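Secondary and tertiary structure notes
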Amino acid sequence: MFWQLKSVRYRHDARVIKAHGEQCLLGISLQYGDKKIDLSCDLLACGFGLLPNLEIGTLLGCQIRDGSIVVDANQASSRADVWVAGEACGIGGVDKALAEGHIAGLAAIGQAAEQDDIARRAHAWQFADLLKQSFATDDSLRKLCKSDTLVCRCEDVSARQLREHDDWRTAKLMTRAGMGACQGRICGAACQFMFGWDAPGLRQPVFPTKTSTLATLSGAAGNIDE
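Just so we're clear, the structure is a prediction, and the values are computed from it rather than from any experiment. (Residues numbered from 1 in each chain as written. Predicted model: local features only at pLDDT ≥ 70, side-chain atom pairs only at ≥ 80, totals over all residues. Heavy atoms only, no water.)

**Thoughts on the overall build of the protein**
What the protein contains, in helices and strands, is 7 helices and 7 strands. In the protein, the succession of α and β elements from N to C terminus is β-β-β-α-β-β-α-α-β-β-α-α-α-α. For the protein, whose C-alpha radius of gyration is 22 Å, the value lies well above the compact-globule estimate of 17 Å for 226 residues. Partitioning the contacts of the protein with sequence separation of at least 6, the portion at a separation of at least 24 is 35%. Taken as a whole, the protein presents about 16100 Å² of accessible surface, with 54% of it coming from carbon and sulfur. The averaged location of the 27 negative side-chain charges in the protein is 7 Å from the averaged location of its 25 positive side-chain charges. (Helix = DSSP H or I, 4+ residues; strand = E, 2+ residues; numbered from the N terminus. Rg over C-alpha atoms; globule rule 2.2 N^0.38 Å. Contact = heavy atoms within 4.5 Å. Areas by Shrake-Rupley, 256 points an atom, 1.4 Å probe, with all protein chains shown as cover. Lys, Arg positive; Asp, Glu negative; His and termini not counted. Charge placed at Lys NZ, Arg CZ, Asp CG, Glu CD.)

Below you can see the structure in the form of structure tokens.
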């Protein structure tokens with residue numbers, strides 16, 4: 001990918017501070033070191049750190065520390081018969097997930113991981129550490145959020161409205177922040193970072209399922225086996 005993009009200018013440690021345009025995007029302003037740069041642009045994607053999905057682990061009562069599920073050398077969680085692999089025990093890409101998943105699968109059937117499995121996981125962990133350092137959020141990101149910035153996009157709640165409150169629960173009751181389609185999965189993390197609020201209690205991913213749906217899925221699985 002780097003070779004394919006060799007002709008594209010790469011600006012390290014730059015910040016998008018403003019997008020220009022009314023009905024469509026026309027350009028952006030970047031803070032690049034001590035300089036401000038204006039660029040014509042018709043497509044913009046911004047990312048502000050990486051967060052794992054811990055909903056199922058939380059539902060099962062697994063121990064969570066520093067934003068990930070705690071596991072031992074066999075990928076076993078604090079709950080009996082629950083093994084964890086992938087982003088839930090630390091974001092690190094597909095190689096990490098595959099290596100951890102293989103070790104977890106062996107442990108689940110009572111087999112020990114071989115040295116090659118452990119070495120592959122250790123190598124993937126090195127990339128995970130580099131990823132964590134490279135995408136760590138820093139205090140300068142808080143300055144990007146202006147009073148009129150929409151923090152809860154589902155319910156159109158601005159930073160100005162949220163700053164009038166002292167905690168997530170009060171802000172949710174008074175502004176409807178976190179009550180939209182994402183149920184606080186996006187704005188909740190943003191409020192944690194910007195205001196130091198406790199994490200919101202997310203609605204767990206458990207939904208009623210019709211028996212007809214299960215029958216359909218069972219039939220599809222049977223066709224795949226055949």
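**Remarks on unusual backbone geometry**
Even without glycine at this site, D13 takes up a positive phi of about 60°. With respect to the helices, strands and loops of the structure, D13 is situated in the segment before β1 (14-20). For D66, which is not glycine, the phi torsion reads 55° and is therefore positive. On the secondary structure map, D66 appears in the loop between β4 (64-65) and β5 (68-69).

**A word on the pairing of strand β2 (residues 27-32)**
The pairing of β1 with β2 spans 6 bridges and is antiparallel. Each residue of the ladder has a partner; that of H20, found in β2, is G27. Where β1 folds back on β2, the antiparallel hairpin that results is connected by 6 residues, among which G21 adopts a positive phi of roughly 135°. Bridging between β2 and strand β3 (residues 35-40) involves 6 bridges; their strand directions are antiparallel. (Pairing = 2+ DSSP bridges.)

**Quick notes on the nonpolar core**
Membership of the largest hydrophobic core comes to 13 residues, with the highest contact counts inside it found for V151, L162, C191 and W197. Going through the elements one at a time, β6 (150-152), α4 (159-162), α5 (168-175) and α6 (187-195) are the ones with two or more residues in this core. In terms of residue count, the dominant contributor to this core is α6 (3 residues). In this view, L162 contacts V151, V157, A171, T175, A177, C191, F195 and W197; residues no more than four positions away in its chain are not counted. If you look at the next biggest cluster of nonpolar residues, it comprises 7 residues, including C62, V82, A88 and C89. (Core = buried A, V, L, I, M, F, W, Y, C linked by side-chain atoms within 4.5 Å. Buried < 20%, exposed > 50% of the residue type's maximum accessible area, 1.4 Å probe, protein only.)

**A look at the packing of helix α2 (residues 94-108) against helix α3 (residues 115-134)**
The geometry of α2 relative to α3 is characterised by a closest axis approach of 8 Å and an angle of 145° between their N-to-C directions. The handedness of the crossing between α2 and α3 is left-handed. The residues of α3 that touch α2, namely those facing D95, K96, A99, E100, H102, I103 and L106, are D117, I118, R120, R121, A124, W125 and A128. Tallied by class, residues from the contact of α2 with α3 come to 7 nonpolar, 1 polar and 6 charged. (Axes fitted to C-alpha atoms, helices over the stretch in contact; angles between N-to-C directions. Left-handed = near helix turned anticlockwise from the far one by under 90°. Nonpolar A, V, L, I, M, F, W, Y, C, P; charged D, E, K, R; others polar.)

**Examining the packing of aromatic side chains**
One pass over the full model with this rule turns up 1 aromatic pair. Ring centres 4.8 Å apart and planes at 40° place the aromatic pair F195 and W197 in the tilted group. Taking relative accessible area as the criterion, F195 reaches 22% and is therefore assigned partly exposed. The ring centre of W3 lies 4.6 Å from the NZ or CZ of K6, which sits over that ring. Over the ring of F193 we find R142, and its NZ or CZ is 4.2 Å from the ring centre. (Phe/Tyr/Trp six-rings, centres within 6.5 Å; stacked < 30°, edge-to-face > 60°. Lys NZ or Arg CZ within 6 Å of the ring centre and 35° of its normal.)

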